[in-house]
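# Chains, contacts and geometry: an overview
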Amino acid sequence: MSNLNVGIIGTGIFATDTHLPTINKLSNVTPTACFNRTKAKAEVFATKANIPAESVYDSLDSIFEAKDIDFIDALLPVQYNLDAVKLAIKNNKPMVMEKPIAANMDQAREIVKLSRESSLPIGVLENWSFRSAIKILKNEILPQIGDVVSFTYSSTGPFNDDNKYINTSWRVNPEHIGGYLSDGGVHQLALLTDVLGEVSTVSALTKQLRKESGDVDVLFSTMKLDDGAIGTFTYGSAFGATEKSLKFTIFGTNGSAIYDFSPSLSKPTITYQTGASGQTSSGPKVIEVDEIDTFVAEFENFAAAVVSGNKDDVVVKPEHAFHHLAIVAAALESADKDGANVKVEKI
Ligand SMILES: NC(=O)c1ccc[n+]([C@@H]2O[C@H](COP(=O)([O-])OP(=O)(O)OC[C@H]3O[C@@H](n4cnc5c(N)ncnc54)[C@H](OP(=O)(O)O)[C@@H]3O)[C@@H](O)[C@H]2O)c1
């Protein structure tokens, strides 16, 4: 595959700690330019990334206009994703952006519209969609457990005083809906919906436990999927001392599966059993999941789409990511109405 030059915009914590090491693992992508609102930070990043000083740009416009950059990697506070998408399309520059797709549904709708009208590869970096467990659950387990009728999805954990992201100003005063509920929640919802399909309606209650969250930070909900399955979705990492627990249970007419990817486990597991009743159970079988580096996988996917020039090769397209934010938006609206049932916007 030919070499691709990437320009990185927003050289903050995640660009430095995760995107740069990830890009450095790819054989065909080289960081060659960057931009940050505070230029001094971009200069430090450039040194770490071996980007020449003359390729540290002074403005968003100028980095998008640069001819020798094959695609842009955007890690901005997400309320600026729409501006970046507009510049990408104006300059015919493929772009991936960090999740959630946007700060609110108006911006998300506009991003989907613009990307649909353009032939450019545009992607959202929802790396959880690349988890190996999704393929195992969909291809190996679901066909064995009959029709999916119900699920419980629970991601709960303690508040972390030493969370490195907690003092970033755009998280302290979030413009993105639901603060951490959309920031991290879209990852959980990508996994849930990639396995089971889209959500139709939501009834939710929320709470704010920590002033540091800047918004509500705990969500308890019931959901109905498009295919009629019903379930619960619980999300929050703002509790007092507790073991971090990530567990997704799927109930079918002929069995069930539990995907447990709690960090305390040495490896994530899928435990499943088949049979139409307790008496006819196959007994539990356990699969240990060998997870891949989902950050590498998402960049490899986008790089391949840039090379092919085919936007359909992008796995997490804007409309896909739109659904995850739309579920959060519906849950927040429901919580504002004391748990009323709210339809999830479709696009
Ligand atoms: N996929 C994941 O697991 C994951 C994990 C963490 C973060 N993320 C995503 O990565 C992105 C960056 O997060 P982060 O934790 O790295 O935050 P961060 O450290 O605050 O970085 C954000 C960067 O954007 C810049 N910025 C702020 N306002 C701007 C503006 N108006 N115009 C242009 N640039 C501006 C900041 O520049 P200054 O230096 O001037 O403040 C900063 O360098 C977010 O979209 C976040 O959702 C994803």
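The protein chain has the name NAD(P)-binding protein in an unreviewed UniProt entry, where [Candida] anglica is given as its organism.

On to the environment of Ala 241. Along the chain, Ala 241 turns up in the loop between strand E10 (230-239) and strand E11 (245-252). Taking C-alpha positions, Ala 241 is 26 Å from Phe 151, a pair spaced 90 residues apart along the chain.

Attention now goes to the UniProt feature "domain: Gfo/Idh/MocA-like oxidoreductase C-terminal" (unreviewed entry) in the protein chain. Annotation from UniProt places "domain: Gfo/Idh/MocA-like oxidoreductase C-terminal" (unreviewed entry) at residues 144-343. What you have in residues 144-343 is 27% helix and 32% strand, and the ends, taken at the C-alpha atoms, are 31 Å apart.

Here we come to the domain arrangement of the protein chain. Splitting the protein chain by domain gives domain 1 (4-127 + 294-317) and domain 2 (129-292 + 327-343). Once you take the C-alpha centre of each, domain 1 and domain 2 turn out to be 28 Å apart. Together domain 1 and domain 2 conceal approximately 1,700 Å² of surface at their shared face, both sides included; 67% is due to carbon and sulfur atoms. Summed over the shared surface of domain 1 and domain 2, the result is two salt bridges. Across the pair Lys 99 and Asp 183 runs a salt bridge, and its minimum N-O distance is 2.7 Å. Joining domain 1 to domain 2, the criterion identifies seven residue pairs in polar contact (both at pLDDT 80 or more). Mapped by element, the contributors of at least two residues to the side of domain 1 that touches domain 2 are helix H1 (13-25) and helix H10 (294-308). Broken down by element, the side of domain 1 that touches domain 2 gets its largest block of residues, four residues, from H10. A class-by-class count of the residues in the side of domain 1 that touches domain 2 yields eleven nonpolar, five polar and four charged.

Before going further, it helps to spend a moment on the site of the ligand. Phe 14, Asn 36, Thr 38, Lys 41 and Lys 99 are the nearest of the 22 residues found near the ligand. Within the backbone of Leu 76, a nitrogen or oxygen atom sits 2.9 Å from an oxygen atom of the ligand. His 187 is positioned such that a nitrogen or oxygen atom in its side chain is 3.3 Å from an oxygen atom of the ligand. Within the complex, the protein chains bury 89% of what would otherwise be the 920 Å² of accessible surface of the ligand. Sorting the residues of the shell around the ligand by element identifies H1 and helix H7 (169-172) as the ones contributing at least two each. When its residues are assigned to classes, the shell around the ligand shows nine nonpolar, eight polar and five charged. If you count residues domain by domain, the shell around the ligand takes at least three from each of domain 1 (4-127 + 294-317) and domain 2 (129-292 + 327-343).

About the cut-offs
- Residues numbered from 1 in each chain as written.
- Predicted model: local features only at pLDDT ≥ 70, side-chain atom pairs only at ≥ 80, totals over all residues.
- Heavy atoms only, no water.
- Helix = DSSP H or I, 4+ residues; strand = E, 2+ residues; numbered from the N terminus.
- UniProt positions renumbered as here; feature names shortened; annotations may be inferred.
- Domains from an automatic or database assignment.
- Buried area = accessible area lost by both parts, 1.4 Å probe.
- Salt bridge = Lys/Arg side-chain N within 4 Å of Asp/Glu carboxyl O.
- Polar contact = N/O pair within 3.5 Å; in protein donor to acceptor, adjacent residues only side chain to side chain.
- Nonpolar A, V, L, I, M, F, W, Y, C, P; charged D, E, K, R; others polar.
- Near = heavy atom within 4 Å.
- Areas by Shrake-Rupley, 256 points an atom, 1.4 Å probe, with all protein chains shown as cover.

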